[in-house]
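# Structural features, examined
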Amino acid sequence: MFSAVPCLSFSTMCKAATHNSSNNYQGHARDADYIRRAAEIAQKSVGFTSPHPNFGCVIAVGADTKVAGEGYLYAQGTKPAEVQAVEAAGSLCRGATAYLNMEPGDCDGDHAAVSALVKAGITRVVVGIRHPLQHLQGDSVRALRSQGLQVDVLGEDLQSKVIEEARKSCLLVNAPLIYRAASRVPFSVLKYAMTLDGKIAASSGHSAWISSRKSRTQVFELRGRSDAIIVGGNTVRRDNPRLTARHGGGHMPLRIVMTQSLDLPEEANLWDVSDVPTLVVTQRGARKSFQKFLASKGVEVVEFDILNSRDVMEYFHDRGLLSILWECGGTLAASAISSGVIHKVYAFVAPKIIGGRNAPSPVGELGMVEMSQALDLIDVCYEQVGPDMLISGFLQPIPDVMPVIPSEDETCAVDPTVNPYESSIISFYKTWDPYGAFSNFSPHPIQMPGCNGEYSTWSSVEHYYQVVCFYVLALFSLSFVETSVLTVFYFYQAQKFVGVNDPIAQDCIEKIKCAKSPEEAARMGRLMQRQHPDLVNSDWESAKIDVMYRALKCKFSIYPHLNSMLLSTAGSILIEASPHDLFWGGGREGEGLNYLGRILMQLRSEFLGESSTSGETTCMVV
């Protein structure tokens, strides 16, 4: 398993610190030890939480501070880490101390994490780092202190090596979010395997296999913790990779091919997008006929006027990616390093020698002529993996100051002619944005009518929307006019996928219902659609607006604080600022249809009494 803090010998440092320190310092060392434990368990959600932070909570009791309960946030919209830890500790919480790797980020208005600690009788909270997002930073600390709890933020009252190392573990487990915010590009890791003499392939280009099976298993896991994987055209032509995380758990990352000439083969594993999507970035105008071929395969192509690593990473930053794994050859690796977009390196060194004057190396020409110009890695770690040695380290230090993320800039770019800071424009995208509760991904359960007139509870609007995509109409042969109010519900449920009692669709419905987060529900729905496009009904495009409208109306009707938030935006234009969703969102350059924003503005008008719309007609206005 990859560890976010593999180099830090925490227990050893704590023992050394407590042996030579005062009782006060011993207490700080224990705090540091439990904060590191909170960071360790927070890692369990990596690959599932993106683009949200990773949270862990440890509750310790007694003079010798024994662990009573632990928990970590699986994904946004699931039970908070603090709630899980409180439930595990039970009555032992009273008078106990809670250790959090990061200040809670109650961004949906429910403040569940803070409430759980207060109600359980926790008397002291130790926080590893404050929340890195400006509009959330300090909120939970102030809320806990206002309830009479003692709150200590690690390192703000005492500086020492052991405390600094514990604080670093908290930074590392959420390094992608912090780096991305500070550099305005996704957190990028360069990974390669090489022989002892620095070769990534033989002179012939053959490279299977340099590293051991154990090392390759770790690579699968590393992929599962990334939002996307990047390779160059040479890798596609030479290795024909699949780039899956099939042995590593986690989700399946987006596969990205970066090629200037688009000189790629027609037969390639990456063009099979039934399980995992593929995106190709290239120079504008390159091989238009091949672009059409890729589009026919379901592969997305994005053109750049001038193809370079910095522009590509800024594009994927705007697209919302948090972390990217580079598994490219030496030429592209050198370009990425020169552009300053690589933050960390993982090098698997195999005890093999292959030689060869023309055998490729992991990094191409960087223009350096003296050893004094060499790039030094920071926080270098060494780990034996089977017969191989894994060497890892950072090319750029972790930002010392928590980044400031202006919400409008960070969520994405809407129409460039509009000033995002004007009060008449309100953008929302991620659920942790100031107006993130407007998103269909926000973790607010809703109740919608089901069969026999009974209401069912859905974990979020997105859960409901995705399940609607897969419901199969039992009475599909009846005309819409003939159906009753109850079968109207079935009509909407069946709009996207046709067929009667199709077992594939039914199985997907059950899986989506059980999805632990809105993001997971969305991934399941999109995967199912790619794998079974034959089930898609042509009427779904016209029906899905009304399905979303009804779900959002339910959400804003049953949560008073959400209704108040929506009404407070009166007079403002609402833009769902997803840069890549051209239907529900505003698009990268304002070219999107923004139907989610339109629906919300219509609902706002209805709630304010400015519209006579009853909600029974399809939402197509604004």
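These lines cover the structure that appears in this document, whether it is placed above or below. (Residues numbered from 1 in each chain as written. Predicted model: local features only at pLDDT ≥ 70, side-chain atom pairs only at ≥ 80, totals over all residues. Heavy atoms only, no water.)

### Thoughts on the overall build of the protein
Helices and strands together make up the secondary structure of the protein, namely 20 helices and 18 strands. Considering the protein as a whole, with its 622 residues, one finds that 56% of them fall into the buried category. In the protein, the proportion of contacts linking residues at least 24 apart, taken out of those at least 6 apart, comes to 71%. When the accessible surface of the protein is split by element, carbon and sulfur atoms take 52% of a total near 26700 Å². (Helix = DSSP H or I, 4+ residues; strand = E, 2+ residues; numbered from the N terminus. Buried < 20%, exposed > 50% of the residue type's maximum accessible area, 1.4 Å probe, protein only. Contact = heavy atoms within 4.5 Å. Areas by Shrake-Rupley, 256 points an atom, 1.4 Å probe, with all protein chains shown as cover.)

### Concerning the environment of Y464
Relative to the helices and strands, Y464 resides in helix α14 (residues 461-470). In this structure the C-alpha to C-alpha distance between Y464 and M548, which are 84 residues apart in sequence, comes to 8.8 Å.

### Points about the pairing of strand β4 (residues 124-129)
A large share of β4 lies buried, amounting to 6 of its 6 residues. Of the strand pairs in this sheet, β4 and strand β5 (residues 150-153) are connected by 4 bridges, and their pairing is parallel. Bridging across to β5, R124 finds its partner in Q150. (Pairing = 2+ DSSP bridges.)

### Some words on the sheet that holds strand β11 (residues 323-326)
In spatial order, the strands read β10-β9-β8-β7-β11-β6-β12-β14-β13; together these 9 strands make up an open sheet with mixed pairing. Of all strands in the sheet, those with a lone pairing partner are β10 (300-304) and β13 (378-385), marking the two edges. Looking at each pair of strands side by side, their axes are set apart by 20 degrees on average, direction ignored. In this structure, strand β7 (residues 228-232) lies alongside β11, joined through 3 bridges in parallel fashion. Across the sheet, I230 pairs through a bridge with W326, a residue of β11. Helix-sheet contacts for helix α10 (residues 288-296) involve β9 (278-283) and β10, and the interaxial angle to β10 is about 145 degrees. Along the sheet, helix α11 (residues 309-318) makes contact with β6 (187-195), β7, β8 (254-258), β9, β10 and β11, crossing β10 at roughly 130 degrees. (Axes fitted to C-alpha atoms, helices over the stretch in contact; angles between N-to-C directions.)

### Points about helix α8 (residues 213-224)
Along its 12 residues, α8 runs 17 Å from first to last C-alpha, staying within 8% of the 16 Å computed at 1.5 Å per residue. Where burial is concerned, most of α8 is hidden: 9 out of the 12 residues are buried. Those residues of α8 lying buried are S215, R216, Q218, V219, F220, E221, L222, R223 and G224. Close packing links the buried residues of α8 with β6, β7, β11, β12 (344-350), β13 and β14 (388-394). (Expected span 1.5 Å × (residues − 1).)

### Observations regarding unusual backbone geometry
We note that N240 has phi near 45 degrees; this positive angle belongs to a residue other than glycine. Of note, N240 is situated in the loop between α9 (233-239) and β8. Taking relative accessible area as the criterion, N240 reaches 32% and is therefore assigned partly exposed. One non-glycine residue with positive phi stands out, namely R287, at about 35 degrees. Secondary-structure assignment places R287 in the loop between β9 and α10. Under the relative-accessibility criterion, R287 is labelled partly exposed at 35%.

### Side note on the packing of helix α19 (residues 560-567) against helix α20 (residues 595-607)
Across the interface, α19 lies against α20 with an axial gap of 10 Å and an inter-helix angle of 100 degrees. Between α19 and α20, the interaxial angle falls into the category roughly perpendicular. Counting all contacts with α19, which are made through N563, L566 and L567, the residues of α20 involved are L600, L603, R604 and F607. (Parallel < 35°, antiparallel > 145°, perpendicular 65-115°, else oblique.)

### Side note on the packing of aromatic side chains
Going through the model one piece at a time under the given rule, you end up with 14 aromatic pairs. Considering the side-chain rings of Y34 and Y99, the 5.1 Å spacing of their centres and the 25 degrees angle between planes classify their relative orientation as stacked. Placement of Y34 in helix α2 (residues 23-42) and of Y99 in strand β3 (residues 97-102) is noted, with a sequence separation of 65 residues between them. Neither residue differs from the other here; Y34 and Y99 are each classed as buried. Ring centres of W458 and Y464 lie 5.6 Å apart, and the angle between their planes is 70 degrees; on these two criteria the pair is classed as edge-to-face. For Y464, a relative accessible area of 4% translates into the label buried. Grouped by ring-pair contacts, the aromatic residues F428, Y435, F438 and F556 constitute a single cluster. In this arrangement the basic side chain of R216 is found over the ring face of W209, its NZ or CZ atom lying 4.3 Å from the centre. Sitting over the face of the ring of F583, K544 holds its NZ or CZ atom 4.0 Å from the ring centroid. (Phe/Tyr/Trp six-rings, centres within 6.5 Å; stacked < 30°, edge-to-face > 60°. Lys NZ or Arg CZ within 6 Å of the ring centre and 35° of its normal.)

### Regarding the pattern of salt bridges
Under the definition given, this model contains 18 salt bridges. In this structure, K553 and E606 form a salt bridge, with 3.7 Å as the shortest nitrogen-oxygen distance. Taken as a pair, K553 in helix α18 (residues 540-558) and E606 in helix α20 lie far apart in primary sequence, 53 residues in all. Several salt bridges converge on common partners, so that one network encompasses R284, K288, E303 and D305. (Salt bridge = Lys/Arg side-chain N within 4 Å of Asp/Glu carboxyl O.)

### A few points about a nonpolar patch on the surface
On the surface, a cluster of nonpolar side chains totalling about 350 Å² of accessible area is made up of L377, V380, Y382 and M389. With respect to the helices, strands and loops of the structure, V380 is situated in strand β13. According to the relative accessible area criterion, V380 is partly exposed, its value standing at 31%. (Patch = residues over 30% accessible without salt bridge, like charges linked within 9 Å, V, L, I, M, F, W, Y side chains within 5 Å.)

### Observations concerning the environment of T78
Within the secondary structure layout, T78 lies in the loop between β2 (66-72) and α3 (81-89). It is 8.8 Å that separates the C-alpha atoms of T78 and P518, two residues lying 440 residues apart in sequence. Filtering out sequence-adjacent residues up to four positions away, T78 remains in contact with L73, K516 and S517.

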